[in-house]
Amino acid sequence: MVSLYRQDGGWAWAVLLSSMISHIILMGITFSFGVYFIVLKEYFNATAMQTLWIGCINTGLVLGGGPIAAITLNKFGCRPSIIVGGLLAALGFLLSYFVTNTYQLMLTYGLVTGLGFGLVYTPCVVMVSNYFNKWRYLATAIACTGEGLGFVIFPIIFNLEIEHYGWRGSMIVNAGIVLNLVVCGFVMKPCQTDRAIVKMDLIDASLLKDFWMFLFAFSMIFWNIGTIVFHFIVSDYLIENNIETGKAIYFLTIMGVANMIGHPFAGLTVLLPSLPHANKWIYVTSVLIYGTGTLLFVLDTTYEWYIFLGIVVSRTKSKVPVP
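Residues numbered from 1 in each chain as written. Predicted model: local features only at pLDDT ≥ 70, side-chain atom pairs only at ≥ 80, totals over all residues. Heavy atoms only, no water.

(A) Broad picture of the pattern of salt bridges. One pass over the full model with this rule turns up one salt bridge. A salt bridge links Asp-236 to Lys-41; the nearest nitrogen and oxygen atoms lie 2.9 Å apart. Here Lys-41 lies in helix H2 (residues 33-43) and Asp-236 lies in helix H9 (residues 211-240), a separation of 195 residues in the sequence. Just as Asp-236 is buried, Lys-41 falls in that class too. (Salt bridge = Lys/Arg side-chain N within 4 Å of Asp/Glu carboxyl O. Helix = DSSP H or I, 4+ residues; strand = E, 2+ residues; numbered from the N terminus. Buried < 20%, exposed > 50% of the residue type's maximum accessible area, 1.4 Å probe, protein only.)

In structure tokens form, the structure reads like this:
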């Protein structure tokens, strides 16, 4: 009898859907912090730098928590890591309800929730890789499409939550939303495969001995710093340039739509075996266009100009090939 939980089997699609939902939640929440950036800076009368640290700590742990996730993956597996991460992230949101200053938010939303998201992010990518073989690139790109969908819906959700319940009440609502990651974790049943189970190395610096790999890793650091900070402050930048608050928040949703549409195409490089180094050239071109697009924001102050550039940079961000 053929197992349902085999590689490229029927359960692979359930895992893909759960991974996509997880990306919607954790990446949508993470990169929509720009909505809270506006509110929290005004509420606490804090500087932009203080407020920015809240989101930066969170995102740093989401994307840089690989070594911690590797420990949990090696010892307990993907499913427990996702479940614990979802519970920890929800706890961080609940604790955020009681904070009285930005420094406490750095601990609750930044550290606790960020650590929880970090425990979820890596296992979700690993599970899709385990369950898909032939269409692994495309499946991973589809799962990451949830990132763009999260960009679309969460600025709207956050804005509605804050309008109806205040920013504190919205933290309680967000805790409930994040608990759906626990459900996604239960779906992530280990894949039954003939391949030997490979443990993730906590720290493997051997690849960095290759100059071009080192250069790529160095480039990715600055790529992520630039794109993350841009998403956090762009709405506030628009408001400072006399764009209405509602339009400035809706701008994040427009960027999310462009990002979501572009994501699946990043995985189509698997269909271009005759084009040498396709991923490399797409990555280099995307970085060049994104950087140039952000610089052009200063040339005009009309909302239409901002929308045009937002679509351009978001499409190029989504085109960065999945590793």
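(B) Structural detail: the environment of Thr-51. Note on placement: Thr-51 falls in helix H3 (residues 48-64). What makes Thr-51 buried here is its relative accessible area of 0%. With sequence-adjacent residues up to four places away left out, Thr-51 is seen in contact with Phe-33, Phe-37, Leu-40, Lys-41 and Ala-46. (Contact = heavy atoms within 4.5 Å.)

(C) Molecular detail of the environment of Asp-300. With respect to the element layout, Asp-300 can be found in the loop between helix H11 (278-295) and helix H12 (303-318). Separated by 59 residues in the primary sequence, Asp-300 and Asn-241 have C-alpha atoms spaced 9.8 Å apart. Once residues within four sequence positions are removed from consideration, Asp-300 is found in contact with Trp-305 and Tyr-306.

(D) Expanded view of the packing of aromatic side chains. Tallied over the full model, the rule gives 17 aromatic pairs. Aromatic side chains Tyr-43 and Phe-44 sit 4.9 Å apart centroid to centroid with 85° between the ring planes, which places their arrangement in the edge-to-face category. Among the residues examined, Phe-44 registers a relative accessible area of 18% and is labelled buried. Here Phe-230 and Phe-297 contribute two aromatic rings whose centre-to-centre distance is 5.4 Å and whose plane-to-plane angle is 75°, an arrangement assigned as edge-to-face. (Phe/Tyr/Trp six-rings, centres within 6.5 Å; stacked < 30°, edge-to-face > 60°.)

(E) Region of interest: the side chain of Ser-170. Residue placement: Ser-170 occurs in helix H7 (residues 136-178). Among the residues examined, Ser-170 registers a relative accessible area of 0% and is labelled buried.

(F) Seen up close, the side chain of Thr-113. Topologically, Thr-113 is positioned in helix H6 (residues 102-131). Those residues within four positions of Thr-113 in sequence are excluded, and the remaining contacts are Asn-58, Ala-89, Gly-92, Phe-93 and Thr-108.

(G) The packing of H3 against H9, seen in detail. Running from amino to carboxyl end, H3 crosses H9 at an angle of 140°, the nearest separation of the two axes being 11 Å. Viewed along their axes, H3 and H9 adopt a mutual orientation that is oblique. Between H3 and H9 lies a crossing whose hand is right-handed. Between H3, through Leu-52, Gly-55, Cys-56, Thr-59 and Leu-63, and H9, the contact on the second element is made entirely by Asn-224, Ile-228, Val-229, Phe-232 and Ile-233. (Axes fitted to C-alpha atoms, helices over the stretch in contact; angles between N-to-C directions. Parallel < 35°, antiparallel > 145°, perpendicular 65-115°, else oblique. Left-handed = near helix turned anticlockwise from the far one by under 90°.)

(H) Representation of H6 within the structure. The first and last C-alpha atoms of H6 sit 41 Å apart over 30 residues, in line with the 44 Å expected at 1.5 Å per residue. Where H6 bends most, at Gly-114, the angle is about 30°. A distance of 3.0 Å separates the backbone nitrogen of Tyr-103 from a side-chain oxygen at the start of H6, and that oxygen is part of Asn-101. (Expected span 1.5 Å × (residues − 1). Bend = angle between axes of the 7 residues up to and from the residue. Polar contact = N/O pair within 3.5 Å; in protein donor to acceptor, adjacent residues only side chain to side chain.)

(I) Summary view of a nonpolar patch on the surface. Taken together, the side chains of Phe-214, Phe-218, Ile-221, Phe-222 and Ile-225 define a hydrophobic patch exposed on the protein surface, amounting to about 520 Å² of accessible area. Mapped onto the elements of the fold, Ile-221 is located in helix H9. (Patch = residues over 30% accessible without salt bridge, like charges linked within 9 Å, V, L, I, M, F, W, Y side chains within 5 Å. Areas by Shrake-Rupley, 256 points an atom, 1.4 Å probe, with all protein chains shown as cover.)

(J) Quick peek at the state of the cysteines. Under the definition given, this model contains zero disulfides. With no disulfide of its own, Cys-78 lies closest to Cys-124 among cysteine sulfurs, the gap being 8.4 Å. (Disulfide = S-S within 2.5 Å.)

(K) Looking closely at helix H4 (residues 66-76). Every buried residue of H4 is accounted for by Ala-69, Ala-70, Thr-72 and Leu-73. Immediately beyond the C-terminal end of H4, within one or two residues, lies Gly-77, with a positive phi of roughly 100°.

(L) Layout of the nonpolar core. Counting residues in each nonpolar core, the largest one holds 71 residues, and the members touching the most others are Ile-29, Phe-117, Trp-167, Val-178 and Leu-238. Residues within four places of Phe-117 in sequence aside, it is in contact with Leu-26, Ile-29, Thr-30, Asn-58, Val-62, Gly-85, Ala-89, Phe-93, Val-178 and Leu-181. (Core = buried A, V, L, I, M, F, W, Y, C linked by side-chain atoms within 4.5 Å.)

(M) Broad picture of the confidence of the model for the chain. Looking at the chain as a whole, the pLDDT averages 82, with 85% of positions reaching at least 70. The least confident element of the chain is helix H10 (residues 245-266), whose mean pLDDT is 78; the most confident is helix H5 (residues 78-96), at 94. In the predicted structure, residues 194-198 sits below a pLDDT of 50 and forms four contacts with residues beyond four places in sequence or in another chain. (pLDDT = per-residue confidence, 0-100.)

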